[in-house]
Amino acid sequence: RKENFNIVCDDLKEGEKRPIPNPTCAFADAFQCYPEIMENIKKAGFQMPTPIQSQSWPIVLQGIDLIGVAQTGTGKTLSYLMPGFIHLDGQPKVGGKRNRPGMLVLTPTRELAIQVEAECSKYSYKGLRSVCVYGGGDRDRQIEDLRKGVDVIIATPGRLNDLQMNNFVNLKSVTYLVLDEADKMLDMGFEPQIMKILLDVRPDRQTIMTSATWPYAVRRLAQSYLKEPMIVYVGTLDL
Ligand code: ADP
Ligand code: MG
């Protein structure tokens with residue numbers, strides 16, 4: 001069986017459409033100005049960007065909200081992590097310090113949160129500190145980790161909402177938000193917690209959403225929380 005990728009890219013902004021940026025064919029097209037990122041990619045031994053990465057990076061690097069729809073295993077994590085690092089690096093500093101946390105990734109399960117945090121550390125950039133927060137994990141330890149100061153929080157919605165309600169975390173400086181596997185988060189009934197979390201993050205943030213599917217519930221979520229997004233859809237065509 002041969003597989004072929006079918007990539008559809010669209011601007012969901014109402015009215016006049018913006019041009020869709022050209023896809024990144026080589027890693028250097030997106031990251032040549034960021035030697036540390038190029039070095040990490042080289043170390044990982046990747047040959048070329050996956051289809052979702054090549055289409056997502058130029059969009060997200062322009063500061064545009066993005067919905068990435070593609071199957072599991074297509075490289076969606078790095079499609080939002082790398083531009084996220086660059087975003088954080090470009091944020092204005094106050095008194096020589098970054099506003100923290102600047103990036104928040106919400107995931108449906110602890111396993112995924114741990115996996116994303118591992119990628120975050122593996123490709124870590126300019127000493128950005130990341131922490132993982134999830135239900136079933138040692139809550140006091142997570143509180144202590146947060147207290148030390150972090151740039152990136154990767155969290156499941158239930159536990160993060162709990163820590164937020166009890167003032168153990170302040171999300172007001174989050175300028176880059178990711179809803180990873182949004183379809184699964186909805187299936188698991190996390191929408192109320194997501195809603196409460198998003199009341200605190202900055203309204204002028206950049207938001208990225210990933211999903212393996214594109215049903216009505218996910219479209220509605222995108223409409224509520226993303227601003228004039230573009231969408232990249234990668235499907236497989238069986239030939
Ligand atoms: P998804 O989130 O779409 O399920 P992941 O981001 O978890 O996929 O990536 C799946 C695997 O592919 C990971 O092991 C990751 O390291 C690897 N990967 C990511 N980008 C590339 C690439 N450009 N080339 C080869 N492998 C990659
Ligand atoms: Mg993923």
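Quantities reported herein were computed from a predicted structural model and do not represent experimental measurements.

1. Points about the overall build of the chain
On a plain count of helices and strands, the chain comes out with 10 helices and 8 strands. Structurally, the chain occupies a C-alpha span of about 50 × 40 × 40 Å along its principal axes. Evaluated residue by residue, the chain yields a buried proportion of 50% over its 239 residues. Across the chain, every contact between residues at least 6 apart in sequence was considered, and the portion connecting residues at least 24 apart equals 74%. A total accessible area of about 11800 Å² is found for the chain, and carbon and sulfur atoms account for 50% of it. Charged side chains in the chain number 29 positive and 28 negative. The centres of these two groups are separated by 4 Å.

2. Looking at the UniProt feature "short sequence motif: Q motif" (unreviewed entry) in the chain
With numbering aligned to this structure, UniProt lists the feature "short sequence motif: Q motif" (unreviewed entry) at residues 26-54. The span residues 26-54 is 66% helix and 0% strand, and its two end C-alpha atoms sit 8 Å from each other.

3. Here's the deal with the nonpolar core
Judged by nonpolar contacts, the single largest core of 38 residues is most densely connected at Phe-31, Tyr-80, Met-82 and Met-103. Looking at this core element by element, the count peaks at 7 residues for helix α4 (residues 76-90). For Phe-31, the contacting residues outside a window of four places in its chain are Ile-37, Met-38, Ile-41, Trp-57, Leu-61, Met-82 and Ile-86. With 33 residues, the next largest nonpolar core counts Leu-104, Val-133, Ala-182 and Tyr-225 among its residues.

4. Regarding helix α10 (residues 216-225)
Three or four residues apart is the spacing at which side chains of an α-helix point the same way, because the helix has 3.6 residues per turn. Of the positions making up α10, those classed as buried are Val-218, Leu-221, Ala-222 and Tyr-225. Relative to the axis of α10, the buried residues are bounded by an arc of 100° and lie together on one face. With respect to the buried face of α10, the exposed residues turned more than 90 degrees away are Tyr-216 and Gln-223. Against β2 (66-69), β6 (176-179), α8 (182-187), α9 (191-198) and β7 (206-211) lie the buried residues of α10.

5. A short note on the site of ligand 1
Looking at ligand 1, there are 15 residues lining it, with Met-48, Gln-53, Gly-73, Lys-76 and Thr-77 nearest. Interatomic distance of 2.5 Å between a backbone N/O atom of Gly-73 and an oxygen atom of ligand 1. Relative to its unbound accessible area of 570 Å², ligand 1 is 73% covered by the protein chains. Of all the elements in the fold, those that place two or more residues in the shell around ligand 1 are α4 and α5 (110-122). Counted by class, the shell around ligand 1 contains 4 nonpolar, 9 polar and 2 charged residues.

About the criteria used
- Residues numbered from 1 in each chain as written.
- Chains lettered and ligands numbered in written order.
- Predicted model: local features only at pLDDT ≥ 70, side-chain atom pairs only at ≥ 80, totals over all residues.
- Heavy atoms only, no water.
- Helix = DSSP H or I, 4+ residues; strand = E, 2+ residues; numbered from the N terminus.
- Buried < 20%, exposed > 50% of the residue type's maximum accessible area, 1.4 Å probe, protein only.
- Contact = heavy atoms within 4.5 Å.
- Areas by Shrake-Rupley, 256 points an atom, 1.4 Å probe, with all protein chains shown as cover.
- Lys, Arg positive; Asp, Glu negative; His and termini not counted.
- Charge placed at Lys NZ, Arg CZ, Asp CG, Glu CD.
- UniProt positions renumbered as here; feature names shortened; annotations may be inferred.
- Core = buried A, V, L, I, M, F, W, Y, C linked by side-chain atoms within 4.5 Å.
- Arc of directions from axis to C-beta.
- Near = heavy atom within 4 Å.
- Polar contact = N/O pair within 3.5 Å; in protein donor to acceptor, adjacent residues only side chain to side chain.
- Nonpolar A, V, L, I, M, F, W, Y, C, P; charged D, E, K, R; others polar.

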